[in-house]
Amino acid sequence: MSANPDAEAIYARLLQAVRDGIAGRDVSLIGIHSGGAWIAERLHRDLKLARPLGTLSSAFHRDDYGRRGLPVEMKATELPFEVNGADIVLVDDILFTGRTVRAAMNELFDYGRPARIELAVLLDRGGRELPIEARYCGATHPLAAPRNFALRRTEDGRFTLRIE
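On a predicted model such as this, the values are computed, not experimentally measured, just so you know.

Brief notes about the environment of G54
- Tracing the sequence through the fold places G54 in strand β2 (residues 54–56).
- C-alpha of G54 to C-alpha of A40: the two residues are 14 residues apart in sequence and 8.5 Å apart in space.
- Apart from residues lying up to four places away in sequence, G54 is in contact with L29, I30, G31, E78, L79, P80 and F81.

Remarks on the environment of V18
- Relative to the helices and strands, V18 is located in helix α1 (residues 7–22).
- Judged by relative accessible area, V18 falls into the buried class, the value being 0%.
- In this structure the C-alpha to C-alpha distance between V18 and L119, which are 101 residues apart in sequence, comes to 9.8 Å.
- Those residues in contact with V18 that sit more than four places away from it in its chain are L47, A120 and Y136.

Points about the side chain of R42
- Within the secondary structure, R42 sits in helix α2 (residues 35–47).
- When sequence neighbours within four positions are dropped, the list of residues in contact with R42 reads E8, Y11, G157, R158 and F159.

Some words on the packing of aromatic side chains
- This model, assessed by the stated rule, comprises one aromatic pair.
- Positioned over the ring face of Y11 is R42, at 4.2 Å from the centre of the ring.
- Positioned above the aromatic ring of F96 is the side chain of R125, whose terminal nitrogen or guanidinium carbon lies 3.7 Å from the ring centre.

Structural notes on helix α4 (residues 99–109)
- Within the sequence span of α4, burial applies to V101, A103, A104, E107 and L108. Angularly, the buried residues of α4 cover 160° about the axis, an arc narrow enough to put them on a single face.
- Elements that come into contact with the buried residues of α4 comprise β1 (27–32), β2, β3 (87–95) and β4 (116–124).

Considerations on the environment of R153
- The residue R153 is located in strand β6 (residues 149–153) in this model.
- Separated by 146 residues in the primary sequence, R153 and A7 have C-alpha atoms spaced 9.9 Å apart.
- Contacts of R153, omitting those with residues within four sequence positions, involve W38, E41, R158 and F159.
- Engagement of the side chain of R153 in a polar contact is seen with the side chain of E41, the distance being 2.8 Å.

As for the sheet that holds β1
- Taking strand neighbours across the sheet as the criterion, the five strands line up as β2-β1-β3-β4-β5 in an open arrangement whose pairing is parallel. The sheet is open, and its two borders are formed by β2 and β5 (136–140), each paired with just one other strand. The mean inter-strand angle of the sheet, taken between neighbouring strand axes irrespective of direction, is 25°.
- In this sheet, β4 lies alongside β3 in parallel orientation, the contact comprising eight bridges. Looking across to β4, one finds that D92 is bridged to V121.
- Contacts from α2 reach β1, β2, β3 and β4 within the one sheet, and its direction differs from that of β1 by about 150°.
- On top of the sheet, α4 reaches β1, β2, β3 and β4; it is set at about 150° to β3, its chief contact.

Parameters at a glance
- Residues numbered from 1 in each chain as written.
- Predicted model: local features only at pLDDT ≥ 70, side-chain atom pairs only at ≥ 80, totals over all residues.
- Heavy atoms only, no water.
- Helix = DSSP H or I, 4+ residues; strand = E, 2+ residues; numbered from the N terminus.
- Contact = heavy atoms within 4.5 Å.
- Buried < 20%, exposed > 50% of the residue type's maximum accessible area, 1.4 Å probe, protein only.
- Phe/Tyr/Trp six-rings, centres within 6.5 Å; stacked < 30°, edge-to-face > 60°.
- Lys NZ or Arg CZ within 6 Å of the ring centre and 35° of its normal.
- Arc of directions from axis to C-beta.
- Polar contact = N/O pair within 3.5 Å; in protein donor to acceptor, adjacent residues only side chain to side chain.
- Pairing = 2+ DSSP bridges.
- Axes fitted to C-alpha atoms, helices over the stretch in contact; angles between N-to-C directions.

Right under this line is the structure:
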């Protein structure tokens, strides 16, 4: 993989993996703010899903809330469907320690008990601190801290990734 991975090629692989994995199922997508919500919006559109798209904020459930504080732009959780018994695909942009996903699942359970939760991520960078694994993943690209991936969305909805 190049120094700055091709986000569009990675998204295409993620889209195909999710399409194959949910074929014949009635799933609800939920994107974790903010990068995961961007990915979920595009997946929802490209997959032409009938169920409404949900978005979720994990900020108040993070175990490092005291250190990180609130995000600059706080966005609310919006789940326009019944969570109890739902088949959910939780979408995030970059999977690293697993703490964001754990916090997102805690937030989700505040709304009910889904039948199933699967994780879809654009990129897995390794470095897990919690036993969390994505069911659907566009690419794996190990990156040691303190370096990070920065996901951007252009005005036309395309994605770019940069290593910082």
